[in-house]
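Residues per chain are reported as follows:
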Amino acid sequence: MALTKDQSLEAYRLMKVIRRFEEKCAELYAAGDIGGFLHLYIGQEAIAAAAKYALREDDNIITAYRDHGVALARELPTNQVMAEMFGKSTGVSKGKGGSMHLANKSKRFWGGWAIVGGHLPLAAGLALADQYRGDDRVTLALMGDGSTNIGYFHEALNMAAVWKLPVVWLVENNQYGMGTAVTRASAVSDITRKAEAYGMPCCMQVDGMDLVATYEMIKEAAEYARSGQGSFFLEVVTYRYRGHSMGDPERYRSAHEVEEKKADDPIIRWAAYLKENKIATAKKLAALDQEAEDEVMAAIEFAQNSPFPEPEALYENVYA
Amino acid sequence: MSTLNSTSAMSGETVTKTFREAISDALWEEMERDESIFLMGEEIGVWGGTYAVTRGFHDHFGENRVRDTPIAEQAIVGAAVGAALNGLRPVAEIMTINFLFLALDALINHGAKAHYMFGGQFTVPMVVRTTTGGGRQLGATHSHSPEHLFAHFPGLIVSVPSTPADAKGLLKAAIRDDNPVLFVEHSTLYQTRGQVPVGDYVLPLGKADVKREGTDVTLVSYAKMVQVSLEAARELEKEGISAEVVDLRSLRPLDTELVMESFKKTNRCVVVEEAHALYGVGAEVAARVQEEAFDWMDAPVKRVSTEDVPLPYSRDLEQSALPDARKIVKAVKEIL
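Residues numbered from 1 in each chain as written. Chains lettered and ligands numbered in written order. Predicted model: local features only at pLDDT ≥ 70, side-chain atom pairs only at ≥ 80, totals over all residues.

> What is the right way to read the overall build of chain A from this model?
A tally of helices and strands in chain A yields 12 helices and eight strands. Computed over C-alpha atoms, the radius of gyration of chain A comes to 19 Å, within 12% of the 20 Å expected from 2.2 N^0.38 for 320 residues, which places it in the range of a compact globule. Burial status across chain A gives 55% buried among its 320 residues. The long-range share in chain A, meaning contacts at least 24 apart out of those at least 6 apart in sequence, stands at 75%. (Helix = DSSP H or I, 4+ residues; strand = E, 2+ residues; numbered from the N terminus. Rg over C-alpha atoms; globule rule 2.2 N^0.38 Å. Buried ≥ 20, exposed ≤ 12 C-beta atoms within 10 Å, placed from the backbone. Contact = placed C-beta atoms within 7 Å.)

> Help me understand the overall build of chain B, please; the structure alone is not making it clear to me.
The number of helices and strands found in chain B is 13 helices and 14 strands. Over its C-alpha trace chain B gives a radius of gyration of 19 Å, about what one expects of a compact globule, namely 20 Å for 336 residues. Along the first, second and third principal axes, the C-alpha set of chain B runs to 55 × 45 × 40 Å. Expressed as a percentage of the 336 residues in chain B, the buried residues total 57%. Restricting to contacts in chain B with at least 6 residues of sequence separation, those with at least 24 account for 79%.

> Is there a simple way to explain the interface of chain A and chain B in this structure?
By a frequent convention, interface size equals the accessible area lost on bringing the separate parts together. Facing the 34 residues of chain A at the interface are 34 residues of chain B. Of all the secondary-structure elements, those providing two or more residues to the side of chain A that touches chain B are strand 2 (109-112), helix 5 (119-133) and helix 6 (151-162) of chain A. Per-element tally for the side of chain A that touches chain B: the top contributor is helix 5 of chain A, with 10 residues. Here the side of chain A that touches chain B is built from residues that sort into 19 nonpolar, nine polar and six charged. (Nonpolar A, V, L, I, M, F, W, Y, C, P; charged D, E, K, R; others polar.)

> It is not clear to me how the domain arrangement of chain B should be interpreted in this structure. Could you clarify?
All names here are of chain B. For chain B, the assigned domains read domain 1 (13-197) and domain 2 (209-335). For domain 1 versus domain 2, the separation of C-alpha centres amounts to 26 Å. Tallying the contact residues gives 26 residues for domain 1 and 23 residues for domain 2. Looking at the side of domain 1 that touches domain 2, the elements that each hand over two or more residues are helix 7 (147-150), strand 6 (157-159), helix 8 (164-176) and strand 7 (181-186). Counting residues per element, the side of domain 1 that touches domain 2 draws most heavily on strand 6, which supplies three residues. Of the residues in the side of domain 1 that touches domain 2, the class split is 11 nonpolar, 13 polar and two charged. (Domains from an automatic or database assignment.)

> Got a minute to help me understand the pairing of strand 7 of chain B in this structure?
All names here are of chain B. Counting buried residues in strand 7 gives six out of six residues, a clear majority hidden from the surface. Two strands pair when backbone bridges link them, and strand 5 (residues 127-132) and strand 7 are joined in this way by six bridges, in the parallel orientation. Following the sheet pairing, Thr132 is matched in strand 7 by His186. Looking at chain direction, strand 6 and strand 7 are connected through three bridges and run parallel. Note on strand 7: the bridge partner recorded for Ile157 is Val181. Handedness of the strand 6-helix 8-strand 7 crossover: right-handed. (Pairing = 2+ DSSP bridges. Right-handed = clockwise from strand over helix to strand, strands pointing away.)

> Would you take a moment to explain the packing of helix 1 (residues 5-30) of chain A against helix 11 (residues 266-276) of chain A for this structure?
A pair of packed helices can be characterised by two numbers: the angle between their axes and the separation between those axes. Residue and element names in this part refer to chain A. With their axes 10 Å apart at the nearest point, helix 1 and helix 11 run at an angle of 155 degrees to one another. Here helix 1 lies roughly antiparallel to helix 11, going by the angle between them. Helix 11 is crossed by helix 1, and the crossing has left-handed handedness. Contact with helix 1, carried on its side by Ser8, Ala11, Tyr12, Met15, Lys16 and Arg19, involves Pro266, Ile267, Trp270, Ala271 and Leu274 of helix 11 and no other residues of that element. In terms of residue class, the contact of helix 1 with helix 11 is built from eight nonpolar, one polar and two charged. (Axes fitted to C-alpha atoms, helices over the stretch in contact; angles between N-to-C directions. Parallel < 35°, antiparallel > 145°, perpendicular 65-115°, else oblique. Left-handed = near helix turned anticlockwise from the far one by under 90°.)

> Could you clarify how one ought to interpret the nonpolar core in this entry?
Note that soluble globular proteins tend to have their nonpolar side chains buried in a common cluster. Core analysis: the largest hydrophobic core is formed by 204 residues, its most contacted members being A:Ala124, A:Val167, A:Val168, A:Ile218, A:Leu234, B:Ala80 and B:Leu219. If you count residues domain by domain, this core takes at least three from each of domain 1 (13-197) and domain 2 (209-335) of chain B. (Core = buried A, V, L, I, M, F, W, Y, C linked by C-beta atoms within 7 Å.)

> What should I look at first to understand the environment of A:Ser89 in this one?
Residue and element names in this part refer to chain A. Within the fold, Ser89 resides in the loop between helix 4 (78-85) and strand 2. Distance in space between the C-alpha atoms of Ser89 and Tyr224 is 40 Å, their sequence separation being 135 residues. The residues touching Ser89, leaving out its near neighbours within four places in the chain, are Lys94, Gly95, Ser306, Pro307, Phe308, Pro309 and Ala313.

> Even after reading the chapter, I still don't get the sheet that holds strand 9 (residues 209-212) of chain B, so can you show me in this structure?
Whenever strands of a sheet pair, they do so through backbone hydrogen bonds, lying parallel or antiparallel. All names here are of chain B. Here five strands make up an open sheet; going across it, the order is 9-11-10-13-14 and the pairing mixed. Each edge of the open sheet is held by one strand with a lone partner, namely strand 9 and strand 14 (302-306). Going from strand to strand, the sheet's axes swing by 25 degrees on average, the running direction of each strand aside. Where strand 13 (residues 269-276) meets strand 14, four bridges bridge the pair, whose relative direction is parallel. What sits directly across from Val272, in strand 14, is Val304.

> What's the story with the sheet that holds strand 3 (residues 66-68) of chain B in this structure? I'm lost.
Residue and element names in this part refer to chain B. Strand order across the open sheet formed by seven strands is 3-2-4-5-7-6-12, with mixed pairing between neighbours. The sheet is open, and its two borders are formed by strand 3 and strand 12 (250-252), each paired with just one other strand. Here the strands of the sheet are splayed against their neighbours by 20 degrees on average, with no regard to which way each runs. Note that strand 2 (residues 37-41) and strand 3 share three bridges and pair parallel. Bridge pairing links Leu39 to Val66 in strand 3.

> Where do I start with the confidence of the model for chain B in this structure?
Low-pLDDT stretches of the model should not have their predicted coordinates read in fine detail. All names here are of chain B. In this model, chain B carries an average pLDDT of 96, and 97% of its residues clear a pLDDT of 70 or more. Of the regions scoring below 50 in pLDDT, residues 1-8 engages in 20 contacts with residues more than four places distant in sequence or in other chains. The complex prediction reports pTM at 0.96, with the ipTM value standing at 0.96. (pLDDT = per-residue confidence, 0-100.)

> Please explain the pairing of strand 8 (residues 232-237) of chain A as it appears in this structure.
It is a general feature of regular strands that their side chains alternate between the two faces of the sheet. Residue and element names in this part refer to chain A. Where burial is concerned, most of strand 8 is hidden: six out of the six residues are buried. Residue alternation in strand 8 divides its side chains into two sets, Phe232, Leu234 and Val236 and Phe233, Glu235 and Val237, and both sets are buried. In this structure, strand 4 (residues 167-173) lies alongside strand 8, joined through six bridges in parallel fashion. Note that in strand 8 the partner of Leu170 across the bridge is Leu234. Two elements, strand 7 (residues 202-207) and strand 8, share four bridges in a ladder whose sense is parallel. Following the sheet pairing, Val206 is matched in strand 8 by Val236. Handedness of the crossover joining strand 7 and strand 8 through helix 9 (residues 211-226): right-handed.

In structure tokens, the structure reads:
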């Protein structure tokens, strides 16, 4: 059940890539190289990393607009993800999608969707297709806590329960839906109670800063879904260090609160775990840090050197 | 003056069918042909469909392929999009287009945009069937004909058949197409009859059709209003006025070629639509005519539309709000 040594090191490297990727994106956004909205995942990296190892490569994964980390965890090429941020034709969505609409069909990463809750029935449909054909894949549907208050959530979970669809519904509870705290927006602050209403087995308050705990719960949930018994619901508690998007004044929380949460950083925790358990030396981790840095810098260079879409691209792919 | 119907374009054996039977046949034949096609919707299975289109399907194809859903339009359309992304060809039924407002986001923001937004890597081979139309005393919330709203959005195809043969041929094409198609069936056409080709009959999506030839005025219409326009044309004929009836058959793509061809012959046009006039099909056709055939215009393009009110319950009051042959005849005479 535990991660292998290689996976443990790879997971560290992956989380560092995601962290540095996004820190650089924030800078590039400020410099005007990246446009639109930019929703950073910083603080939540352990969940994407855990999902990578808990799922089979041919399982489905779908998420909302805070999707960079999930895309990188699903091994979408870092170069192409960065190129998409720049709106370049070499981007994963050919520059048509941007930050919020990353996807890769061959890796069964189905997006990157930017309407809160809108991807949840899509997740049900992805799972339905597999169940219909008798394929034993599961679908992991990641969502924010804010999406549990919208109609889509309830319709999708109800349908999934009625049809025993093989979905792992995973709420990344980062404690704020935009700027509104869960306790101010949701009638019940224990989000799993909403899934219990649909008769779904749940796990509440998984520590999303703990890579292994999150990995183990997703794996257990995926096994349940794969066994044909239906959906499983997870609430994973995490925290985003940055604002909802760029330009968030963050009037809803104190700088002190953010600093306190940073002390519980998932990457620092994982590094400490690796050292304590003699899986990696400080030197090894520093080497992985450098690899991550190099990978992100190479991606920026790739993106900068890539062409923008040709004018003709405007009318391409409106219809299949 | 000849009266055309779709049989003129048909070859081979035909049989008389109702609009309902034609749609049912298309679904049945396609499901027999391709196992990746399945149906989902409210009351389509055990009940057999509130308009009886899918009667017998549940017993024959089983509940994996004919799925009764909760009353949850967002989930129905959203799940159809997801299943289509993942390789199936769902045909989702939304009981009436009035309920489709609830799933507007799933249909437009998700279904219609997925192909473009992700750079062409995804396709959504999905059909959403629904019913439309007023005139049945169902009150304001159940009597819209808002199919043109959906035709506003690139990425979606909106099909609006007027005859049993067209319904069969267009539905088969919609199911086989790799794009999301909104297939709109007028609820008062279900009992109408016409000649329908036996077996595999597939029409191209997005091609208009001349339903009646004429020389003095072009009536442009779609769905049930084609039948009303044909009735008006028969009235006009008695007075020596020859009306050509062009059936758009599809609101997106909009085939204006045939409209222009007809207009350049008649030089006059009335658009008949069972929707409100504001921002509607008539407005679009009129704009295209003045852009593309200005030199052929002998009169302003007229619109016959539903009155600009929510539809009332009381029978005569409701009927007075809807387009009818008398209103079309009057409009034609105003521009002759």
